[in-house]
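Each chain is listed here by its residues.
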Amino acid sequence: MTATLLFSFLFAITILTLTPGFDTALVLRTAAAQGWRRASATALGINLGCLVWGVAVGFGLGALLLASEMAYNLLKWVGAAYLLYLGVKLLLNPRTQAQDETAAEVAQQSYFSCFNRGLFGNLLNPKIGVFYVTFMPQFIPAGASVALWCSLMALMHVAIGLLWNAVLIGGSHYFAAHLRRPAVLKVMDRLTGMVFIGFAAKLALSRR
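Residues numbered from 1 in each chain as written. Predicted model: local features only at pLDDT ≥ 70, side-chain atom pairs only at ≥ 80, totals over all residues. Heavy atoms only, no water.

S.K.: Can you help me understand the overall build of the protein chain in this one?
M.R.: Secondary structure assignment for the protein chain yields 11 helices and zero strands. Ordered by position in the sequence, the α and β elements of the protein chain form the string α-α-α-α-α-α-α-α-α-α-α. Relative to its 208 residues, the protein chain shows a buried fraction of 46%. Of the contacts made within the protein chain by residues no fewer than 6 positions apart, 84% connect residues no fewer than 24 positions apart. Within the structure as shown, the protein chain displays about 10600 Å² of accessible surface, and the carbon and sulfur contribution to it stands at 73%. (Helix = DSSP H or I, 4+ residues; strand = E, 2+ residues; numbered from the N terminus. Buried < 20%, exposed > 50% of the residue type's maximum accessible area, 1.4 Å probe, protein only. Contact = heavy atoms within 4.5 Å. Areas by Shrake-Rupley, 256 points an atom, 1.4 Å probe, with all protein chains shown as cover.)

S.K.: Would you take a moment to explain the nonpolar core for this structure?
M.R.: The tendency in soluble globular proteins is for nonpolar side chains to be buried side by side. Judged by nonpolar contacts, the single largest core of 41 residues is most densely connected at Phe-9, Tyr-132, Met-136, Met-153 and Phe-196. The leading source of residues in this core is helix H9 (residues 146-173), at nine residues. When neighbours within four sequence positions are excluded, Met-153 is seen to be in contact with Phe-9, Met-136, Phe-139 and Ile-140. (Core = buried A, V, L, I, M, F, W, Y, C linked by side-chain atoms within 4.5 Å.)

S.K.: Can you help me understand the confidence of the model for the protein chain in this one?
M.R.: The predicted coordinates ought not to be read in detail in places where the model reports low pLDDT. Here the protein chain shows a mean pLDDT of 79. Residues at 70 or above account for 83%. Across the protein chain, helix H3 (residues 36-58) holds the top mean pLDDT of 92, while helix H6 (residues 103-108) sits lowest at 43. Taken as a whole, residues 99-108 scores under 50 in pLDDT and shows 13 contacts with residues more than four places along the chain or in a different chain. (pLDDT = per-residue confidence, 0-100.)

S.K.: Explanation requested: the packing of aromatic side chains in the structure shown.
M.R.: Aromatic ring pairs are defined here through the distance separating the ring centres and the angle between the ring planes. Per the stated rule, a full pass over the model turns up zero aromatic pairs. Geometry around Tyr-111 places Arg-38 over its ring, the cationic atom sitting 4.4 Å from the centre. (Phe/Tyr/Trp six-rings, centres within 6.5 Å; stacked < 30°, edge-to-face > 60°. Lys NZ or Arg CZ within 6 Å of the ring centre and 35° of its normal.)

S.K.: Just checking my understanding: could you explain the UniProt feature "transmembrane region" (unreviewed entry) in the protein chain for this structure?
M.R.: As recorded in UniProt, the sites labelled "transmembrane region" (unreviewed entry) are residues 45-67, 74-92 and 146-175. Span residues 74-92 is 100% helix and 0% strand, its end C-alpha atoms 27 Å apart. (UniProt positions renumbered as here; feature names shortened; annotations may be inferred.)

S.K.: Hey, could you run me through the environment of Gly-198 in this one?
M.R.: Inspection of the secondary structure assignment puts Gly-198 in helix H11 (residues 182-205). In the structure, Gly-198 is positioned 118 residues away from Ala-80 in sequence and 9.8 Å away in space, judged by C-alpha atoms.

S.K.: Before we go on, may I ask you to explain the side chain of Asn-125 in this structure?
M.R.: If you trace the backbone, Asn-125 turns up in the loop between helix H7 (111-123) and helix H8 (126-135). Apart from residues no more than four positions distant in its own chain, Asn-125 is found in contact with Trp-53 and Leu-203.

S.K.: I would appreciate a short explanation of the environment of Gly-87 in the present structure.
M.R.: With respect to the secondary-structure elements, Gly-87 resides in helix H5 (residues 69-92). As a C-alpha pair, Gly-87 and Gly-198 span 111 residues in sequence and 8.6 Å in three-dimensional space. When neighbours within four sequence positions are excluded, Gly-87 is seen to be in contact with Gly-193, Phe-196 and Ile-197.

S.K.: Where do I start with helix H2 (residues 22-34) in this structure?
M.R.: Side chains three or four residues apart in an α-helix point the same way, a direct result of the helix having 3.6 residues per turn. A rise of 1.5 Å per residue sets the reference length of H2, with its 13 residues, at 18 Å; its end C-alpha atoms lie 17 Å apart and thus fit the reference within 8%. Counting buried positions over the 13 residues of H2 gives 11, a clear majority of the element. Taken residue by residue, H2 has Phe-22, Thr-24, Ala-25, Leu-26, Val-27, Arg-29, Thr-30, Ala-31, Ala-32, Ala-33 and Gln-34 as its buried positions. Gly-35, located one to two residues past H2, shows a positive phi value of around 100 degrees. (Expected span 1.5 Å × (residues − 1).)

S.K.: What is the right way to read the packing of H2 against H11 from this model?
M.R.: For any two helices packed against each other, one specifies the inter-axial angle together with the distance between the axes. The interhelical angle for the contact between H2 and H11, taken along N-to-C directions, is 160 degrees, at an axis separation of 11 Å. When the axis of H2 is compared with that of H11, the two are roughly antiparallel. Handedness of the H2/H11 crossing: left-handed. In this structure, H2 uses Phe-22, Ala-25, Leu-26, Arg-29, Ala-32 and Ala-33 to contact H11, whose residues at the interface are Leu-185, Met-188, Asp-189, Thr-192, Val-195, Phe-196 and Phe-199. Of the residues that constitute the contact of H2 with H11, the class distribution is 10 nonpolar, one polar and two charged. (Axes fitted to C-alpha atoms, helices over the stretch in contact; angles between N-to-C directions. Parallel < 35°, antiparallel > 145°, perpendicular 65-115°, else oblique. Left-handed = near helix turned anticlockwise from the far one by under 90°. Nonpolar A, V, L, I, M, F, W, Y, C, P; charged D, E, K, R; others polar.)

Below, the structure written as structure tokens:
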């Protein structure tokens, strides 16, 4: 029974991970514009955000978001504002050079900055917490520790997420020479900015 539940969760979360969304757009854009190392830092931040949400849901925070309209809306609006900030920044100040080509760019966009962008992009999205708290319980065996199982499933999600991010980053490497051309970078940044603004609007207008 336990093995069947884990396999079912693994299958479902794999399909959901492969579905394009904010995380995919962020990793691809970072890989193309700034190289695989900074894209890897971004991916680590994204997946750590998922792990934190999974553990928090296991210990009751997800239930709070589901029950409290105020808590949900507060985190939702903060998350939407953060995505809007990233999107507007890319629209108004698109890159014309790949990050690893100039020392100034490297100083402005450190590995830590890339990591934080991925981390807070997930931590400030309450839909992840609500998704976990509504999705995970159906895969927890009767009488089992909710905190332990939520943490375990979050780790499985992170493992799949890291693997998928590695595929995305590895695939982008073959197109790096073309994707780093100034004109292409500018268009990519503006398109990604529009995608981020779209996700911000979607989050702001979303209901539980």
